[in-house]
Amino acid sequence: MSRQTNRGTESKKMSSELFTLTYGALVTQLCKDYENDEDVNKQLDKMGYNIGVRLIEDFLARSNVGRCHDFRETADVIAKVAFKMYLGITPGITNWSPAGDEFSLILENNPLVDFVELPDNHSSLIYSNLLCGVLRGALEMVQMAVEAKFVQDTLKGDGVTEIRMRFIRRIEDNLPAGEE
Amino acid sequence: MADAVLFEFLHTEMVAELWAQDPDPDPGPGVSAGPGGGGGGGWGGQKMSLSVLEGMGFRVGQAMAERLPRETLAFREELDVLKFLCKDLWVAVFQKQMDSLRTNHQGTYVLQDNSFPLLIRMSSGLQYLEEAPKFLAFTCGILRGALSTLGIKSLVTASVAALPACKFQVVIQRC
């Protein structure tokens, strides 16, 4: 697809609102379709995973980053390249575990939650859980099994939004999931 | 500022998800009833999903138009509103303008996009013609929602003759 020249910041701004608004409509619809927050969280994670396994191709094509040699490099690429490219923010990387297999992404502001308030009856909803699925799916395609989960959320009154990333193992074989 | 490609990916996944939820004609207890629900035979489920997608698009289109600066909303004529949709809204959502706008000057408009971005990734021609409506429902909603905010009640439908070209038909509803 040919890339259109930039038509100015207002167009880009509406474009970014489009994603935020669409995501909000999706979460609202899922809350109607599923009876409890846990199921919505799982669904968001699954959808995020499906997006992530395809988004990684777009990312690799556009970012020109080479293979990461360790989890620290991966963290840098996620925060400084991927988040910047797709969401226009650069999360901070903190709280490395001594073994170097866990770190936190700190998002001062989360574009997904612009204009969003969680109603009282959805206290277990992880509104932005799609992001965790995206991270998990994308990294799986580059041979890394990881766990991503929200440990702080501004929607729930925390000062920042924090995603904890944990490296589980390297995926050695190239067979698609489900095949032996 | 979210990259435009995120919307495409999210939209594709939403179509897949909302379709998977409704394999049979009978709506389950958790599915909200839309205007298309209650249809006979095996098409009840399909209509349900299309109307859910369209409803989501409606809310998004409504909200997007609400955020426009005041001066943008001062349209002199109905045709100006449609031109705005074809140019500014389409660029904001799809990074391109609508390819053509026709009207009978009696409240019906046909907006044609010769390479609709949400259909581009599917192969061109007639192969996925049956699948195409699922990928148009949300966008029909965006148009109807934006029109609603701009004070115009409408009915928006879409048709595909051959991918990736499609037409959106806007029929103004007069009270």
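Keep in mind that what you see is a predicted model, and the values were worked out from it rather than measured. (Residues numbered from 1 in each chain as written. Chains lettered and ligands numbered in written order. Predicted model: local features only at pLDDT ≥ 70, side-chain atom pairs only at ≥ 80, totals over all residues. Heavy atoms only, no water.)

**Q** How would you explain unusual backbone geometry if you had to name every residue and give the values?
**A** The step from B:Leu163 to B:Pro164 runs through a cis peptide bond, and the omega angle for that step is -5°. Tracing the chain through its elements places B:Pro164 in the loop between β3 (154–162) and β4 (165–172). The phi dihedral of A:Phe115 is positive, around 70°, even though this residue is not glycine. By the element assignment, A:Phe115 lies in the loop between β2 (102–107) and α4 (129–141). We classify A:Phe115 as exposed; its relative accessible area is 56%. A positive phi is found at B:His105, a non-glycine position, where the angle reads about 60°. (Helix = DSSP H or I, 4+ residues; strand = E, 2+ residues; numbered from the N terminus. Buried < 20%, exposed > 50% of the residue type's maximum accessible area, 1.4 Å probe, protein only.)

**Q** Explain the side chain of A:Arg164 residue by residue, including any values.
**A** Residue and element names in this part refer to chain A. Looking at the element boundaries, Arg164 is found in strand β4 (residues 161–170). Here Arg164 falls in the buried class, since its relative accessible area comes to 16%. The residues contacting Arg164, other than those within four sequence positions of it, are Thr94, Asn95, Ser97, Glu102, Phe103, Ser104, Glu147, Ala148, Lys149 and Val151. (Contact = heavy atoms within 4.5 Å.)

**Q** Outline the confidence of the model for chain A, supporting the account with residue identities and numerical values.
**A** Per-chain confidence: chain A averages 89 in pLDDT, with 87% of residues scoring 70 or above. Residue range residues 1–8 of chain A is modelled with pLDDT below 50. Its contacts to residues more than four positions away, or to other chains, number nine contacts. (pLDDT = per-residue confidence, 0-100.)

**Q** An account of the sheet that holds β4(A) is needed here, citing residue identities and associated values.
**A** Residues and elements named next belong to chain A. Read across the sheet, four strands follow the order β1-β2-β4-β3 without closing on themselves; strand pairing throughout is antiparallel. The open sheet has two free edges, formed respectively by β1 (92–94) and β3 (144–152), since each of these has just one partner strand. On average, each strand axis in the sheet is tilted by 25° relative to the strand beside it, whichever way the strands run. Where β3 and β4 come together, eight bridges link them in antiparallel fashion. Residue pairing for β4: Met144 is matched across the bridge by Arg170. Contacting β2, β3 and β4, α4 runs over the sheet at an angle of about 165° to β3. (Pairing = 2+ DSSP bridges. Axes fitted to C-alpha atoms, helices over the stretch in contact; angles between N-to-C directions.)

**Q** Which residues make up the pattern of salt bridges, and what values go with them?
**A** On inspection of all chains with the given rule, the structure shows 13 salt bridges over all chains. Between A:Arg166 and A:Glu147 there is a salt bridge, and its shortest N-O distance comes to 3.2 Å. Of this pair, A:Arg166 sits in strand β4 while A:Glu147 sits in strand β3; the two residues are 19 residues apart in sequence, bridging distant segments of the chain. Relative accessible area serves as the criterion here: at 29%, A:Glu147 is assigned to the partly exposed category. With a shortest N-O distance of 2.8 Å, B:Lys134 and B:Glu131 are connected by a salt bridge. By relative accessible area, B:Lys134 is classed as buried at 13%. When salt bridges that share partners are traced, they join A:Asp58, A:Arg62 and B:Asp3 into one network. (Salt bridge = Lys/Arg side-chain N within 4 Å of Asp/Glu carboxyl O.)

**Q** Which residues make up the packing of helix α3 (residues 78–94) of chain B against helix α5 (residues 137–149) of chain B, and what are the values?
**A** Residue and element names in this part refer to chain B. Orientation of α3 relative to α5, taken along the N-to-C sense of each, is 130°, at an axis distance of 11 Å. By the angle between their directions, the pair α3 and α5 is classed as oblique. Crossing angle aside, the handedness with which α3 passes α5 is right-handed. Side by side, α3 and α5 meet where Val81, Leu82, Leu85, Leu89, Trp90, Val93 and Phe94 of the first sit next to Thr139, Ile142, Leu143, Ala146 and Leu147 of the second. Its residues assigned to classes, the contact of α3 with α5 shows eleven nonpolar, one polar and no charged. (Parallel < 35°, antiparallel > 145°, perpendicular 65-115°, else oblique. Left-handed = near helix turned anticlockwise from the far one by under 90°. Nonpolar A, V, L, I, M, F, W, Y, C, P; charged D, E, K, R; others polar.)

**Q** Got a sec to walk through the packing of aromatic side chains? Specific residues and values, please.
**A** With the rule as written, the count across this model stands at 13 aromatic pairs over all chains. Each ring, one from B:Phe116 and one from B:Phe168, has its centre 5.4 Å from the other, and the planes form 70°; the classification is edge-to-face. Remark: B:Phe168 occurs in strand β4 and B:Phe116 occurs in the loop between β2 (108–113) and α4 (117–120); sequence separation between them is 52 residues. Residue B:Phe116 is classed as buried on the basis of its relative accessible area of 0%. Among the aromatic residues, those joined into a ring-pair cluster are A:Phe71, A:Trp96, A:Phe103 and A:Phe167. When the ring centre of A:Trp96 is taken as origin, the NZ or CZ atom of A:Arg72, which lies over that ring, is 4.3 Å away. A cation over a ring is seen here: B:Arg67 above A:Phe115, with NZ or CZ 4.1 Å from the ring centre. (Phe/Tyr/Trp six-rings, centres within 6.5 Å; stacked < 30°, edge-to-face > 60°. Lys NZ or Arg CZ within 6 Å of the ring centre and 35° of its normal.)

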